[in-house]
Structure formats: C-alpha cells, structure tokens
Amino acid sequence: MNNNKIWLSSPHMGGKERDFVTEAFDTNWVAPLGPNVNGFEQDIAAYLKEDVHVAALSSGTSAIHLALILLGVGQGDEVLCQTMTFSASANPIVYQGATPVFIDSETTTWNMCPVHLEEAIKDRIAKGNKPKAIVAVHLYGMPYQVDKISAISEKYNIPIIEDSAEALGSSYKGVKCGTFGAISILSFNGNKIITTSGGGALVAKDKAIRDKAIFLATQARDNAPHYQHSHIGYNYRLSNISAGIGRGQMIVLDDHIELRVGMNTFYKELFKAVKGVRVFKEPTEDYSSNHWLSCILIDEKSAGFSAETLRLLLEEANIESRPLWKPMHLQPIFEKAPYYGDTVSEQLFKTGLCLPSGSNLSDLDRLRISKVIHNLSL
Ligand SMILES: *Cc1c(COP(=O)(O)O)cnc(C)c1O
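Rules used throughout
Residues numbered from 1 in each chain as written. Predicted model: local features only at pLDDT ≥ 70, side-chain atom pairs only at ≥ 80, totals over all residues. Heavy atoms only, no water. Helix = DSSP H or I, 4+ residues; strand = E, 2+ residues; numbered from the N terminus. Buried < 20%, exposed > 50% of the residue type's maximum accessible area, 1.4 Å probe, protein only. Contact = heavy atoms within 4.5 Å. Near = heavy atom within 4 Å. Polar contact = N/O pair within 3.5 Å; in protein donor to acceptor, adjacent residues only side chain to side chain. Areas by Shrake-Rupley, 256 points an atom, 1.4 Å probe, with all protein chains shown as cover. Expected span 1.5 Å × (residues − 1). Bend = angle between axes of the 7 residues up to and from the residue. Pairing = 2+ DSSP bridges. Phe/Tyr/Trp six-rings, centres within 6.5 Å; stacked < 30°, edge-to-face > 60°. Lys NZ or Arg CZ within 6 Å of the ring centre and 35° of its normal. Salt bridge = Lys/Arg side-chain N within 4 Å of Asp/Glu carboxyl O. Axes fitted to C-alpha atoms, helices over the stretch in contact; angles between N-to-C directions.

A. Region of interest: the environment of I44. Mapped onto the fold, I44 is located in helix 2 (residues 35–48). The buried category is assigned to I44, whose relative accessible area is 0%. Linking I44 and R247, residues 203 residues apart in sequence, is a C-alpha distance of 8.9 Å. With residues near it in sequence (within four places) discarded, I44 still touches V54, L186, F188, A201 and M250.

The following block contains the structure:
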C-alpha cells in the first residue's frame, strides 16, 4: 500500500488555473494589477452574492491590517479579538500600536462568546478606553453566532472586522460569510479552501472603503503626475499571476466544498462507534460550514486515549493531524494582554484535533485513516 503523506489540507487545482496564468504571461500582465486581479475580485463579489466590493490583496493578514487602519485603529487603542484563532487575526492589531483584548469562545461554534464580549466592552468602557473594533473569526469554517455578535456591535457602536479567512463558502441563515463585518477579510493561503499560493481579500459593503484599501495597498500615491504622498502606504496588492490561479479556483470552489463536507461525513461515520469522540458539527440549521477542517474533541476518560496519542499514531502512519489553535491569551507574545472568559478555549485546545480534510483525498487515503482509528478502538 502506498504510504505517501496525507496532509491536513493541501492545494487542489481544478485545471483552469494554468489557462489564466498562461494568459497573463501571453499578454505580459506580470504585475500586481491586471485583468486577472479585476476578474478575481468580480468573481468573489458575485460568489458572495450580497452587494459587496472586493480588493484582492497579498494576504489575509494584510487585509486585516488595512481593515484596522481603515477603522481608525492606532497607537493606544484597544481591539477586541477572539482568543481562539490563528495569530494572524491578532498580530496586525500590534502593528498599529494597539492592544488586543482577548475574548473566550462559546462551546457551540467555538467562536467568540457574546457574553464575554459584552462583559469586556462594559469593563473596558468603565476603565476609560472604549475598544475601537471587534475581530470575530469563523473558525474552521464554522460561522460565529452572527446575530448575537452583530447585535452587540450595533448596541455599542463598535465595528466588526469579520475574519472569514477559513470560511469562504460558509453561510449563516443562508447569507455567505465574508459579508457580515463592517469590513470582512478572506485568505487564499496554500492551506485554505482555495488558494492563490498566497493571497487574501478585503470585502466591504461601502465602495469608498474598498477604494481606500486599494489606495493604501498600492503605496498611497496621490493623484499627481509625480510621486506625491500624503499618507503612509503599503505594498499589499495581489499579483496578476496569483489572481489567475484564484480565477481558476473560483470555478471549482463549490465542488471542493462538497468534497470537504464529504470528508466531514466520513469522520461522522468513522467515529460513530468510538466512545468519547465527538465530531465538530453545525449547532443548528442556521449554520452551514464549508468544513475547511474537520475537527474532533476527545474525552480521554471515556475514549481511553488522548488527542495527543491519536496525533502520534496518525503521524506514525504518515498522516498529518494537528491540535486546535492554541488560544492567543496563552501565547508568550500576548502574555500581558487583557483577557475576558473562562477556560472554554483552553479546554478545546487540550482535547481537540484537526484531521486531514482536503478536497483531494482519495478512497485509499480514507482507508488508511480508518485503519488507524479501527486499530485504536479495538
Ligand atoms: C489563514 C488565516 C489568516 C491569515 O491569512 P494569510 O493569508 O495566511 O495571511 C487570518 N486569520 C485566520 C483565522 C486564518 O486562518
């Protein structure tokens, strides 16, 4: 039996990507602008369906950075941020000289807990520093509690930066993720649901915000024949080559989501008979996850094995798996940042595992994964 590495989530090309890239070469649009960039932005906006405007950027991280700048976050400000996430949700807050204030998760979607969010807002206001923005994340493709988080954002008039890096194609009450924030962001990094090798996007309902994002992303050049600058600029635009890959990936996005959902179904079946293991799933029909990554929680007492034991067994079989995101308030870099919550995210981190979830996994791959699980539960 072949023993090639089975990855958590690896790039999966659909076939048309090369045509768009070749066209870019043939027309010499080898630059951080061009027809593929415009086309990719239009494809994303059309996919999200809502009336939104898209700026294609060099990464999801740069999109979050620009979102913070556009919302006026600067030195000495505070920004509320989901603690259970990838560090890229929080790092740009520090780029701006601001302080992240971390919020625990709730147990149904693993995302920002509305109760602790409101508690934090009240307390920060009482301490004299009203937070400037909320960074809320749809982890592993699972939408956060959109109605509750949005209601708090409106009540206190604090805008949401919706980190939809992992949730392109997910939806809440039939509306696509990536359209719920004052500003939303997407990522097309190599391990995401679609990839441009590296890339991201900023999504805004207000066209002026999108235009300002592009202005800042292209070195903030004023309208003059010479190089004139009245703002600090950035070099954050997506290249026309990368955008060509993105246009090809948009064609197969929905098919690839279906395959990832299929992986999730496979795990639900596989773990049905395994005591103490719970596959992460949508809490109600309001939620639709793209199942970017399929995750499980292991109750060591009733399962008889820990997440780490399973991870090592999979590794022995050359199968990649990974603990859930380690909460930011437990990271050395954010040791001093304020935190509101209990131990929900910490518990998730201790007992969870992400499993191979790619849209390109084969029946043989699934068989190899099954074997490890079956041996374990004998
Ligand atoms: C991947 C990711 C990002 C950053 O996107 P890049 O394109 O890698 O810069 C931000 N937030 C979350 C939750 C992510 O998973």
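B. Spatial organisation of the site of the ligand. If you check the shell around the ligand, you find 15 residues, and the closest are T61, D163, E166, S187 and K192. A distance of 2.5 Å is found between an oxygen atom of the ligand and a side-chain nitrogen or oxygen belonging to T61. One of the side-chain nitrogen or oxygen atoms of S187 is found 2.7 Å away from an oxygen atom of the ligand. Summarising the interface, the protein chains cover 95% of the accessible area of the ligand, which totals 380 Å² for the free molecule.

C. Representation of helix 8 (residues 240–271) within the structure. Between its first and last C-alpha, helix 8 extends 43 Å over 32 residues, near the 46 Å set by a 1.5 Å rise per residue. Remark: the principal bend of helix 8, roughly 55°, maps to V252.

D. Geometry of the sheet that holds strand 6 (residues 171–172). Ordered in space as 7-6-11, the 3 strands form an open sheet in which the pairing is antiparallel. Only two strands of the sheet have a single partner each, and these edge strands are strand 7 (175–176) and strand 11 (287–288). For strand 6 and strand 7, the ladder comprises 2 bridges, and the chain directions are antiparallel. Following the sheet pairing, S171 is matched in strand 7 by K176.

E. Structural view of the packing of aromatic side chains. According to the stated counting rule, one finds 12 aromatic pairs in the structure shown. In this structure, K5 is placed above the aromatic ring of W7, and the distance from its NZ or CZ to the ring centre is 5.1 Å. If you follow R221 out to its NZ or CZ, it ends over the ring of Y227, 3.8 Å from the centre.

F. Looking closely at the pattern of salt bridges. For the structure shown, the criterion picks out 16 salt bridges. Put simply, K272 and E269 hold a salt bridge, and the shortest N to O gap is 3.1 Å. With a closest N to O distance of 3.0 Å, D363 and R366 form a salt bridge. Of this pair, D363 and R366 both sit in helix 12 (residues 363–376), separated by 3 residues, roughly a single helical turn. Residue D363 is classed as exposed on the basis of its relative accessible area, which comes to 61%. Within this structure, E41, K207, R210, D211 and R237 form a network of salt bridges that share partners.

G. The sheet that holds strand 14 (residues 352–355), seen in detail. Strand order in this open sheet of 3 strands is 10-12-14, and the pairing throughout is antiparallel. Edge positions in the open sheet fall to strand 10 (277–279) and strand 14, since each of these has one partner strand only. Each strand axis lies, on average, 25° off the axis of its neighbour in the sheet, ignoring direction. Running over the sheet, helix 8 touches strand 10, strand 12 (294–298) and strand 14 and is turned about 160° from strand 10. In the packing of helix 10 (residues 307–316) onto the sheet, contacts are made with strand 12 and strand 14, and the angle to strand 14 comes to roughly 25°.

H. Molecular detail of unusual backbone geometry. Even without a glycine there, the phi angle at W110 is positive, about 70°. Mapped onto the elements of the fold, W110 is located in the loop between strand 3 (99–103) and helix 5 (114–126). On the accessibility criterion, W110 (3% relative accessible area) is buried. Residues other than glycine seldom take positive phi values, yet S197 does so here, at roughly 80°. Counting through the fold element by element, S197 comes out in the loop between strand 8 (183–187) and strand 9 (200–204). Judged by relative accessible area, S197 falls into the exposed class, the value being 53%.

Geometric descriptors of this kind do not, in isolation, establish any biological role.
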